[in-house]
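# Observations on chain architecture
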Amino acid sequence: DYAAYLSILIQGEPLAREMLERSTRKHGPDSPVALRAKNWLAEAMWAQGQFHAAAEMCRAVLDTSLERCGECHVVRTEGMLILAVALTSLGEDREAADLHLRRITCLRERHAENPIALLSSLRESLPFLERAGRATEGESIARELMAALRSFGGGHDDVLFGCELYLARFASMQDRIEEAETMFQSLRPRSEQAGPLTHARGRLFYSGQLLRRGRFEDAEEELTNAVELTGDVRTGTHFSHPDDVILGFIALYEAWDKADKAEEYRSLRLEVVGPRTQ
């Protein structure tokens, strides 16, 4: 639940501030423990719609920590992730995707130490790469993640299915329309058996495929079904991108020459991402 997730982050703000104050007093403002507290405080700021402030704090952490900690310290990989989320909320999708790729590079260096962290980073990067239009890189990462999970054996069916949805989406984004159509059709029966958010994401992605084929009414129906599954168009299908279904409607109505409807959803999107406070 997206609202519950935000609530937990917001409730953690006093603890982050206390940790920052105590660690700064004992170890100094540039100590790793103080920098981690800044990351967590930035995350709480993001949850409250303070996107600029959150991004600036994460940038400060990354600027301060490089010389002392090195590129791939956990302080920095955490900061990259939180900064990426803040930047996406500000519409800076290209840099957000770049940060995820940097984070993956770092975690590859520590793969033997913590392979689960690497796999998690691969999974977390997919919505950011999709959002930024980085379909080629996204497809490569999805395939890598699927291969790794299959090597571990069973128990990862939900994640594997999510990767397959992204593969179909990335193929469609690269105008491999017929290939994508075959993939989507094979996934639809399984999508209906998945959880509501995964099912909604499948509907959202297929709406984009239908849009590329000029089937506007069918694309609108898919988006409407996605809303029914999430329960609210303002929820979205992923915690870091709660406006993804809304953006699907905007893209549809722009292509369909329905400017008034597109503007309606642009206004609605502002309710989701909140005020972009400085």
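Okay, so let's go over this structure. Values in this document were obtained by computation on a predicted structure and should not be read as measured data.

## As for the overall build of the protein chain
Of the regular secondary structure elements, the protein chain holds 14 helices and zero strands. From first element to last, N terminus to C terminus, the protein chain shows the α and β order α-α-α-α-α-α-α-α-α-α-α-α-α-α. Computed over C-alpha atoms, the radius of gyration of the protein chain comes to 20 Å, within 12% of the 19 Å expected from 2.2 N^0.38 for 278 residues, which places it in the range of a compact globule. On the principal axes, the C-alpha backbone points of the protein chain span a range of 60 × 45 × 30 Å. The buried share of the protein chain, reckoned over its 278 residues, is 50%. Within the structure as shown, the protein chain displays about 13300 Å² of accessible surface, and the carbon and sulfur contribution to it stands at 50%. Once the 34 positive and 45 negative side-chain charges of the protein chain are each reduced to a mean point, those two points are 4 Å apart.

## Side note on the pattern of salt bridges
One pass over the structure, following the stated rule, counts 28 salt bridges. Between Arg25 and Glu21 there is a salt bridge, with its nearest N and O atoms 2.1 Å apart. Here Arg25 and its partner Glu21 are both found in helix 2 (residues 13-27), four residues apart, which amounts to about one turn of the helix. Residue class for Arg25 comes out exposed when judged on its relative accessible area of 56%. Through salt bridges with shared partners, one network takes in Asp93, Arg131, Asp243 and Arg269.

## A few points about the packing of aromatic side chains
Applying the stated criterion across every chain, the model contains 10 aromatic pairs. Aromatic side chains Phe216 and Trp256 sit 5.6 Å apart centroid to centroid with 40° between the ring planes, which places their arrangement in the tilted category. Of this pair, Phe216 sits in helix 12 (residues 216-230) while Trp256 sits in the loop between helix 13 (244-255) and helix 14 (259-273), placing them 40 residues apart in sequence. Its guanidinium or amino end placed over the ring of Trp256, Lys258 lies 3.7 Å from that ring's centre, counting from NZ or CZ.

## Observations regarding unusual backbone geometry
The backbone of Asp175 sits at a positive phi, close to 65°, despite the residue not being glycine. By the secondary structure assignment, Asp175 is in the loop between helix 9 (157-173) and helix 10 (177-191). Despite not being glycine, Asp257 has its phi angle at roughly 60°, a positive value. Relative to the elements of secondary structure, Asp257 occurs in the loop between helix 13 and helix 14.

What counts as what
- Residues numbered from 1 in each chain as written.
- Predicted model: local features only at pLDDT ≥ 70, side-chain atom pairs only at ≥ 80, totals over all residues.
- Heavy atoms only, no water.
- Helix = DSSP H or I, 4+ residues; strand = E, 2+ residues; numbered from the N terminus.
- Rg over C-alpha atoms; globule rule 2.2 N^0.38 Å.
- Buried < 20%, exposed > 50% of the residue type's maximum accessible area, 1.4 Å probe, protein only.
- Areas by Shrake-Rupley, 256 points an atom, 1.4 Å probe, with all protein chains shown as cover.
- Lys, Arg positive; Asp, Glu negative; His and termini not counted.
- Charge placed at Lys NZ, Arg CZ, Asp CG, Glu CD.
- Salt bridge = Lys/Arg side-chain N within 4 Å of Asp/Glu carboxyl O.
- Phe/Tyr/Trp six-rings, centres within 6.5 Å; stacked < 30°, edge-to-face > 60°.
- Lys NZ or Arg CZ within 6 Å of the ring centre and 35° of its normal.

Remember, this is a structural readout, not a statement about activity or role.
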